[in-house]
Amino acid sequence: MNPPEGRTSWKKAAVIAVPALAAVAVLAVGMAEGVLASSFAVSGSAFQVSSGRLTSKGLASYVQVDRSADGEGHPVALLGIGDATLSDICQSAQVRTPLGTVVFKLTAGGDSGEVTASNLVLDSEDLVGDAAFGQVQIGRDASTLDTVPGMRGEAGQFGLQASQASVSRVRSHARSATGGDFKLKGLALGVKLNGKACF
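Residues numbered from 1 in each chain as written. Predicted model: local features only at pLDDT ≥ 70, side-chain atom pairs only at ≥ 80, totals over all residues. Heavy atoms only, no water.

Student: So what exactly am I meant to see when it comes to the layout of surface pockets here?
Tutor: One way to see where empty space is left: roll a probe the size of a water molecule over the atoms. In this structure, the second largest pocket occupies an estimated 330 Å³ of space. If you trace the second largest pocket, you find 21 residues lining it, with V49, L86, I89, L120 and L122 closest to the centre. Residue assignment for the lining of the second largest pocket shows that the elements contributing at least two residues are β1 (47-56), β3 (73-86), β4 (88-97), β6 (115-134) and β9 (164-178). The class makeup of the residues in the lining of the second largest pocket is 17 nonpolar, four polar and no charged. (1 Å grid on protein atoms, 1.4 Å probe; cavity = no way out; pocket = protein on both sides within 12 Å on 5 of 7 lines; lining within 4 Å. Points joined across faces, edges and corners; volume = space filled by probe spheres on them. Helix = DSSP H or I, 4+ residues; strand = E, 2+ residues; numbered from the N terminus. Nonpolar A, V, L, I, M, F, W, Y, C, P; charged D, E, K, R; others polar.)

Structure, rendered in structure tokens:
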């Protein structure tokens, strides 16, 4: 018997929805564990990321090309950070609107406590700061990188890694950031016309 018009048959919907939700869950778990690289079209502009200090138990990097929805390629360095602690974090992006340029800004940490992240991947155009690395390997084949789970490039590709890293006065322009576990204490998010960016 068909349900009255305008009503939903939840049993039929469940038959379709449950497998789809299970597939999404598997993908989400895989990304969180660093097994899969997140694959999505990046926006047409980079955003700013800054922190007073970042420390990590692992770091790995290699080059790849991100693509925006229009198909344009953007060369970036994938910076994979294992178990990271940040004294604070600021992320800002300038967005053009009919009212003018709006700054989308997210801050966390500082007086509220440290920010922690695991298997954080930053698709970065640049990185500036004062850095110290432990057991660094520069020029290692990207397909053999092993300090950050899931951070491996193609065979023959240039890569670098370190067992630990500490960077102060971090400044970066990035295309995207993804993480398996991100804990933001004192999170504040604001959208302001002609607002102030992170740096």
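The discussion continues.
Student: Help me out: how do you make sense of a nonpolar patch on the surface in this one?
Tutor: A cluster of nonpolar residues, V95, F104, L189 and V191, forms a patch on the protein surface that exposes about 350 Å² of accessible area. Locating V95 in the fold gives a position in strand β4. (Patch = residues over 30% accessible without salt bridge, like charges linked within 9 Å, V, L, I, M, F, W, Y side chains within 5 Å. Areas by Shrake-Rupley, 256 points an atom, 1.4 Å probe, with all protein chains shown as cover. Salt bridge = Lys/Arg side-chain N within 4 Å of Asp/Glu carboxyl O.)

Student: Honestly, the state of the cysteines in this entry has me stumped. Any pointers?
Tutor: Covalently bonding the sulfur atom of one cysteine to the sulfur atom of another cysteine gives a disulfide. Enumeration over the complete set of coordinates arrives at one disulfide. Two residues, C90 and C198, share a disulfide whose sulfurs are 2.0 Å apart. With the S-S dihedral at roughly -85 degrees, the linkage between C90 and C198 falls on the left-handed side. Taken together, the positions of C90 in strand β4 and C198 in the segment after β11 (188-193) put the pair 108 residues apart, joining distant regions of the chain. For C90, a relative accessible area of 9% gives the class buried. (Disulfide = S-S within 2.5 Å. Buried < 20%, exposed > 50% of the residue type's maximum accessible area, 1.4 Å probe, protein only.)

Student: When you look at the side chain of S168 in this model, what are you seeing that I'm missing?
Tutor: Note on placement: S168 falls in strand β9. Classification of S168 as buried rests on a relative accessible area of 15%. Those residues in contact with S168, other than ones at most four positions away along the chain, are G52, R53, G129 and D130. (Contact = heavy atoms within 4.5 Å.)

Student: Please clarify how the pairing of strand β5 (residues 100-109) should be interpreted in this entry.
Tutor: For a regular strand, the rule is simple: side chains alternate between the two faces of the sheet. Judged from the 10 bridges that link them, β4 and β5 form a sheet pairing that is antiparallel. What sits directly across from V95, in β5, is V102. Where β4 folds back on β5, the antiparallel hairpin that results is connected by two residues. As judged from the six bridges shared by β5 and β11, these two strands associate in the antiparallel manner. Looking at β11, one finds that L106 is bridged to L189. (Pairing = 2+ DSSP bridges.)

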